[in-house]
Amino acid sequence: EAEVAQSPRYKITEKSQAVAFWCDPISGHATLYWYRQILGQGPELLVQFQDESVVDDSQLPKDRFSAERLKGVDSTLKIQPAELGDSAMYLCASSLRRGAAVNEQFFGPGTRLTVL
Amino acid sequence: ELKVEQNPLFLSMQEEKNYTIYCNYSTTSDRLYWYRQDPGKSLESLFVLLSNGAVKQEGRLMASLDTKARLSTLHITAAVHDLSATYFCAVDMDSNYQLIWGAGTKLIIKP
């Protein structure tokens, strides 16, 4: 069964360090999303890609966060420097494409980030 | 601003009981999704509701959508412990192909 892959699953870092997360969407899915989820809350969209293009990054803290999807397949989310408040679960999701009849999003296992 | 409100936010119930989780939203949409999240895990798609009057059932869970009332319900029949999880509804924004998420309902089912 096709799945969204993410790595690492867990990351512990000290504040001011750089961290990077990787996501490989379901094959053929053109739309990719990065979410942040704080314990006890719903997912918060950080960035949305359609193929290699950023569609929406209005909620991405651009002074420290960056995201890319250079070849329109896998994607990397980076935080530099990490802050204590960045501790959260980072989720990657993919869906077929913008304009599809169904925008069902499929989620990867997530990366649990702890900033000390 | 589109708002998605779930209630209750927390529900503790006994096994074998029935209950309903409600998801209200504030703008026109005819596509709504339900997801399940186990503690420390990712989100799993449960139901895709694509039109007014849509009803989907899987085991002890049944979801429905009333687009005129802007309301979706997730009904649990004869609850069992394995259904303990947090349940999220998400409304599809046609304009930008994003989902607007409810805050989630944490469901605890006690033996």
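See the structure printed just above.
Residues numbered from 1 in each chain as written. Chains lettered and ligands numbered in written order. Predicted model: local features only at pLDDT ≥ 70, side-chain atom pairs only at ≥ 80, totals over all residues. Heavy atoms only, no water.

Q: So, the overall build of chain A: which residues are in play, and what are the values?
A: Per the secondary structure count, chain A includes zero helices and eleven strands. Ordered by position in the sequence, the α and β elements of chain A form the string β-β-β-β-β-β-β-β-β-β-β. The C-alpha radius of gyration of chain A comes to 13 Å, within 12% of the 13 Å expected for a compact globule of 116 residues. Each of the three principal axes of chain A carries a C-alpha extent, and together these read 40 × 30 × 25 Å. When burial is assessed residue by residue, chain A has 47% of its 116 residues classed as buried. Contacts in chain A between residues at least 24 apart in sequence constitute 54% of all its contacts with a sequence separation of at least 6. Surface exposure of chain A reaches about 5,700 Å², of which carbon and sulfur atoms provide 49%. (Helix = DSSP H or I, 4+ residues; strand = E, 2+ residues; numbered from the N terminus. Rg over C-alpha atoms; globule rule 2.2 N^0.38 Å. Buried < 20%, exposed > 50% of the residue type's maximum accessible area, 1.4 Å probe, protein only. Contact = heavy atoms within 4.5 Å. Areas by Shrake-Rupley, 256 points an atom, 1.4 Å probe, with all protein chains shown as cover.)

Q: If you had to explain the overall build of chain B to someone new, which residues and values would you point to?
A: Looking only at helices and strands, chain B features zero helices and eleven strands. For chain B, the succession of helices and strands along the chain, N to C, is β-β-β-β-β-β-β-β-β-β-β. For chain B, whose C-alpha radius of gyration is 13 Å, the value lies close to the compact-globule estimate of 13 Å for 111 residues. Its C-alpha atoms put chain B at 45 × 30 × 20 Å along the principal axes. By residue count, 48% of the 111 residues in chain B fall in the buried class. Within chain B, counting contacts between residues at least 6 apart in sequence, those at least 24 apart form 53% of the total. Put simply, chain B shows about 5,500 Å² of open surface, and 49% of that area lies on carbon and sulfur atoms. The average position of the 11 basic charges and that of the 12 acidic charges among the side chains of chain B differ by 3 Å. (Lys, Arg positive; Asp, Glu negative; His and termini not counted. Charge placed at Lys NZ, Arg CZ, Asp CG, Glu CD.)

Q: Go over the interface of chain A and chain B with me, naming the residues and quoting the values.
A: Chain A puts 24 residues into the contact, and the matching count from chain B is 20 residues. Where chain A abuts chain B, roughly 1,700 Å² becomes buried across the two surfaces, and 51% of that area is made up of carbon and sulfur atoms. In this structure, the connection of chain A to chain B is made through zero salt bridges. When grouped by side-chain class, the residues that make up the side of chain A that touches chain B number eleven nonpolar, nine polar and four charged. (Buried area = accessible area lost by both parts, 1.4 Å probe. Salt bridge = Lys/Arg side-chain N within 4 Å of Asp/Glu carboxyl O. Nonpolar A, V, L, I, M, F, W, Y, C, P; charged D, E, K, R; others polar.)

Q: Break down the pairing of strand β2 (residues 10-14) of chain B for me, citing the residues and quoting the values.
A: All names here are of chain B. Here β2 shows a buried face lined by Leu11 and Met13 and an unburied face lined by Phe10, Ser12 and Gln14. Note: β2 against strand β11 (residues 105-110), five bridges, orientation parallel. Within the sheet, the bridge partner assigned to Phe10 lies in β11 and is Lys106. (Pairing = 2+ DSSP bridges.)

Q: Please give an account of the sheet that holds strand β7 (residues 61-66) of chain B that cites residues and values.
A: Residue and element names in this part refer to chain B. One open sheet holds the five strands; their spatial order is β1-β3-β8-β7-β6, and the pairing between them is antiparallel. The sheet is open, and its two borders are formed by β1 (4-7) and β6 (55-58), each paired with just one other strand. Shown here is a sheet whose adjacent strand axes are inclined to one another by a mean of 15 degrees, direction ignored. (Axes fitted to C-alpha atoms, helices over the stretch in contact; angles between N-to-C directions.)

Q: I'd like to hear about unusual backbone geometry, residue by residue, with values.
A: Residues and elements named next belong to chain A. In this structure, Pro8 follows Ser7 across a cis peptide bond, with omega equal to -10 degrees. Note on placement: Pro8 falls in the loop between β1 (5-7) and β2 (10-13). A cis amide bond, omega -5 degrees, links Gln80 with the succeeding residue Pro81. By the element assignment, Pro81 lies in the loop between β8 (75-79) and β9 (88-95).

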